[in-house]
Amino acid sequence: MTTAEWKTALIPTDLGNLAVHIVGEGRPVVAWHSMFVDSSSWSRLAPHLPGRRFFLIDAPSCGASEALAEPVDISACARAAAQVITALAAELGGQPIDWLGNAWGGHVGMELAAIRPDMIHSLVAISAPTFPIGLAVRLKIRLLLPLYRAFGPRGPVRSAIMSTILTDATRKDDLEAVALIDECLAKSGSGATITAIRSAILNRTDLLWAARALRCPTLFVTTDDRGEWTPEQARAVVAQMSYATEVTITDARVIPALEQPVQVAAALRHFWARQL
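Bear in mind that the values here come from a model prediction, so they are computed numbers and not experimental data. (Residues numbered from 1 in each chain as written. Predicted model: local features only at pLDDT ≥ 70, side-chain atom pairs only at ≥ 80, totals over all residues. Heavy atoms only, no water.)

Draft legend 1. Inspection of the overall build of the protein chain at higher detail. Scanning the protein chain from N- to C-terminus turns up 11 helices and 8 strands. In terms of C-alpha radius of gyration, the protein chain reaches 17 Å, essentially the compact-globule figure of 19 Å for 276 residues. For the protein chain, the spread of C-alpha atoms along the three principal axes comes to 50 × 40 × 35 Å. When the 276 residues of the protein chain are sorted by exposure, 57% land in the buried category. Relative to all contacts within the protein chain whose residues are 6 or more apart in sequence, the contacts with residues 24 or more apart total 77%. In the form shown here, the protein chain has an accessible surface area of approximately 11,100 Å², with 56% of it arising from carbon and sulfur atoms. (Helix = DSSP H or I, 4+ residues; strand = E, 2+ residues; numbered from the N terminus. Rg over C-alpha atoms; globule rule 2.2 N^0.38 Å. Buried < 20%, exposed > 50% of the residue type's maximum accessible area, 1.4 Å probe, protein only. Contact = heavy atoms within 4.5 Å. Areas by Shrake-Rupley, 256 points an atom, 1.4 Å probe, with all protein chains shown as cover.)

Draft legend 2. Seen up close, the packing of helix H3 (residues 135–151) against helix H7 (residues 190–202). Close contact between H3 and H7 brings their axes to 10 Å; oriented N to C, the two are set at 170°. In terms of orientation, H3 lies roughly antiparallel with respect to H7. Contacts from Arg-138, Ile-141, Arg-142, Leu-145, Tyr-148 and Arg-149 of H3 reach H7 at Ser-190, Thr-193, Ile-194, Ile-197, Arg-198, Ile-201 and Leu-202. Partitioning the contact of H3 with H7 into residue classes produces 7 nonpolar, 2 polar and 4 charged. (Axes fitted to C-alpha atoms, helices over the stretch in contact; angles between N-to-C directions. Parallel < 35°, antiparallel > 145°, perpendicular 65-115°, else oblique. Nonpolar A, V, L, I, M, F, W, Y, C, P; charged D, E, K, R; others polar.)

Draft legend 3. Up close: the environment of Glu-176. Along the chain, the position of Glu-176 falls in helix H6 (residues 175–187). For Glu-176, a relative accessible area of 53% corresponds to the exposed category. Separated by 82 residues in the primary sequence, Glu-176 and Leu-258 have C-alpha atoms spaced 9.8 Å apart.

In structure tokens, the structure reads:
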């Protein structure tokens, strides 16, 4: 599936018009991507999941969605996601949906499933820590923002983003993945990206309460190369939940659907098959 095959709808929300790209046929999946990319970051995964119709949301200030006027928080994003699901109810079949979220999208999905359990049939949260960012990462981002505003995603700023998202091996050998991230960064102006960073990362709050409140089947997907959210940390949260499991993807960092789509697809097929 290429992005040329996608159909796009613009959905009005409290955070502006959000673009939703629709591709595939079958049981619906609503997806929200990670920071620094847009819905095209799912383009490698979707072909490995036949029998699924994907509704791929471009987050605010990303892709074809409207830019945020000011930073928001995960709660505001969850409410906007609920508005998207309500607006697309007919196409989604009028039933609770399977949510697929990476990092930012995982956090949105956790809160949405906690506050609107009627909307979510199952939840997959990929590379999505339940705790706020630590002080060291917060300071690093605050130092990065003025450079991003001045120079955009170039030079050392681009290098910092790439090394955060992708493993060393991917950056060296997978030029397609690197080019996709470059394209995503180029679509949004520096101001829009900075507002998204403040919303998705700096304003990320503790979501352990949401994880504990979940009553839908939940899968935490971790990676073996993201130090901020280890498999062990995810399993400790899973132990506090009612219907949750964890799976680890190897040779990936923050966006395993981009780096290791075959592994991620296998994990999703296994998880979803148990919910049918």
